[in-house]
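Here is what each chain is made of, one letter per residue.
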Amino acid sequence: MTAPCPEDPSLERHFKGHRDAVTSVDFSLNTKQLASGSMDSCLMVWHMKPQSRAYRFAGHKDAVTCVNFSPSGHLLASGSRDKTVRIWVPNVKGESTVFRAHTATVRSVHFCSDGQSFVTASDDKTVKVWSTHRQKFLFSLSQHINWVRCAKFSPDGRLIVSASDDKTVKLWDKTSRECIHSYCEHGGFVTYVDFHPSGTCIAAAGMDNTVKVWDVRTHRLLQHYQLHSAAVNALSFHPSGNYLVTASSDSTLKILDLMEGRLLYTLHGHQGPATTVAFSRTGEYFASGGSDEQVMVWKSNFDVVDYGEVLRVQRPPAARVSSSGTLPEVDPLVPPGRGRSQESMQSQSQEPVSMPQSLTSTLEHIVGQLDVLTQVINWF
């Protein structure tokens, strides 16, 4: 039986309602709602069901910089330039609780996987952890020496990663509240960071136009992508862990195959900088926002067969999507016994970068031990 043919990502929905640049997007657990924040000081909650009216939440007194649904989807957090965090009930009433969170702009908010706490990052150079239901400040992490752009919990909730304008990414132990490691390879401000769904790796985006992937146990730099021609503003892992989507000030979104270490697609949708991007919880969709005030929802389509088969399929170019056979200079995360196909080798315009034997062994060990050493979330 012939494997189904993957298709290019397709633009499914186009939401208009913000009156200034979109700063952040996030899907609810069941993908029925999509939240977006904007420089217009409002949140919008869009309904994926056609002909449904969106909710507009007003309450922040300045730009909304970040939004994040709780794991259950029953709460929605937002951070703002007004120095507060609000926790909303995402229904027609739009009631919210205010946290006087920081002494400067709140850049990032993210719920822990159990929903019991959330983490914030701010221009006051701190990362703070809060109790969701007790509405209480718990503790602060204060080793960054410049604005902190982003902070995220690991999937198991035991680690926190933060990205800063001090050009570092810091990994923290939530229990001891100590900094485990500082990653200093970025050549500019680090704009965004997130954990791989397995919890074993982190990816960070930077103003130096790059995306870097590190192992959080060995702290080794595993992959380095330099594909965008301007700052990378956001990124999101596909729930399978095989793909990464990035949003850049060069106005494009790019989809990377992490297992093969190659660029799959470049998407042209936004007029001006693409500021934010996020996969849905199942990976069936991803949403993007830009300085053009637009929120776009894309159907992934590409994750329909084993990624080894995807490489063997010839993809026709589409009006809004371009496929790429070029290989960035990275070390591919290839599982043991699953090398590159002859077809994919022939289609690439340059040879893959050779890896030292020690790094190859490390990568194989990482992939081979994922199930043993980490609590992998079963997304499907």
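What counts and what doesn't
- Residues numbered from 1 in each chain as written.
- Predicted model: local features only at pLDDT ≥ 70, side-chain atom pairs only at ≥ 80, totals over all residues.
- Heavy atoms only, no water.
- Pairing = 2+ DSSP bridges.
- Helix = DSSP H or I, 4+ residues; strand = E, 2+ residues; numbered from the N terminus.
- Axes fitted to C-alpha atoms, helices over the stretch in contact; angles between N-to-C directions.
- Polar contact = N/O pair within 3.5 Å; in protein donor to acceptor, adjacent residues only side chain to side chain.
- Contact = heavy atoms within 4.5 Å.
- UniProt positions renumbered as here; feature names shortened; annotations may be inferred.
- Salt bridge = Lys/Arg side-chain N within 4 Å of Asp/Glu carboxyl O.
- Buried < 20%, exposed > 50% of the residue type's maximum accessible area, 1.4 Å probe, protein only.

Turning to the sheet that holds strand 19 (residues 201–206), a few remarks are in order. The four strands are arranged 18-19-20-21 in an open sheet whose pairing can be described as antiparallel. With one partner strand each, in any of the chains shown, strand 18 (190–195) and strand 21 (221–225) form the two edges of the open sheet. Direction aside, neighbouring strands of the sheet carry axes that sit 15 degrees apart on average. By the bridge criterion, five bridges tie strand 18 to strand 19 in an arrangement that is antiparallel. Bridged to Y192 within strand 19 is A205.

Below, the discussion takes up the side chain of S154. Here S154 shows up in the loop between strand 14 (148–153) and strand 15 (159–164). Within the local environment of S154, its side chain forms a polar contact with the backbone nitrogen of R158, the two atoms lying 3.3 Å apart. In this structure S154 touches L159 and F195, once residues within four positions along its chain are discounted.

Here the focus is the UniProt feature "repeat: WD" (unreviewed entry) in the chain. As recorded in UniProt, the feature "repeat: WD" (unreviewed entry) lies at residues 15–56, 57–88, 99–140, 141–182, 183–224, 225–266 and 267–299. Taken end to end, residues 57–88 has its terminal C-alpha atoms 9 Å apart, with 0% of it in helix and 56% in strand. Secondary structure across residues 267–299 comprises 0% helix and 61% strand; the distance between its end C-alpha atoms is 12 Å.

On to the pattern of salt bridges, then. This model, assessed by the stated rule, comprises eight salt bridges. For D165, the salt bridge identified is with R149, shortest N-O distance 2.6 Å. Placement of D165 in the loop between strand 15 and strand 16 (169–173) and of R149 in strand 14 is noted, with a sequence separation of 16 residues between them. Among the residues examined, D165 registers a relative accessible area of 5% and is labelled buried. Two residues, K299 and E284, come together in a salt bridge whose shortest N-O distance is 3.5 Å. Taken together, the residues span a long stretch of sequence, with K299 in strand 28 (residues 294–299) and E284 in the loop between strand 26 (274–279) and strand 27 (285–290) at a distance of 15 residues. Residue K299 is classed as partly exposed on the basis of its relative accessible area of 23%. In this structure E284 comes out as partly exposed when scored by relative accessible area, which is 38%.

The next thing to look at is the pairing of strand 6 (residues 64–69). The element strand 6 is largely enclosed, with a buried count of six among its six residues. Inspection of the sheet shows strand 6 paired to strand 7 (residues 76–80) by five bridges, in the antiparallel sense. In the sheet register, V67 faces strand 7, and the bridge partner there is S78. Where strand 6 hands over to strand 7, the hairpin turn is made up of six residues, of which G73 adopts a positive phi near 85 degrees.

A few words on the environment of H47. For H47, the location among the structural elements is in strand 4 (residues 42–47). Taking relative accessible area as the criterion, H47 reaches 14% and is therefore assigned buried. The spatial distance from the C-alpha of H47 to the C-alpha of L34 is 6.4 Å, given a sequence separation of 13 residues. Not counting residues up to four positions away in its chain, the partners in contact with H47 are R13, F15, K32, Q33, S52, R53, A54 and Y55. Among the polar contacts made by the side chain of H47, one reaches the main-chain carbonyl oxygen of R53 at a distance of 3.4 Å.

This paragraph deals with the pairing of strand 26. With five of six residues buried, strand 26 lies mostly within the body of the structure. Relative to strand 27, strand 26 runs antiparallel, the two sharing five bridges. When the sheet's bridge partners are listed, T276 is paired in strand 27 with G289. Hairpin geometry of strand 26 and strand 27 is characterised by an intervening segment of five residues between the two adjacent antiparallel strands and by a positive phi of about 85 degrees at G283.

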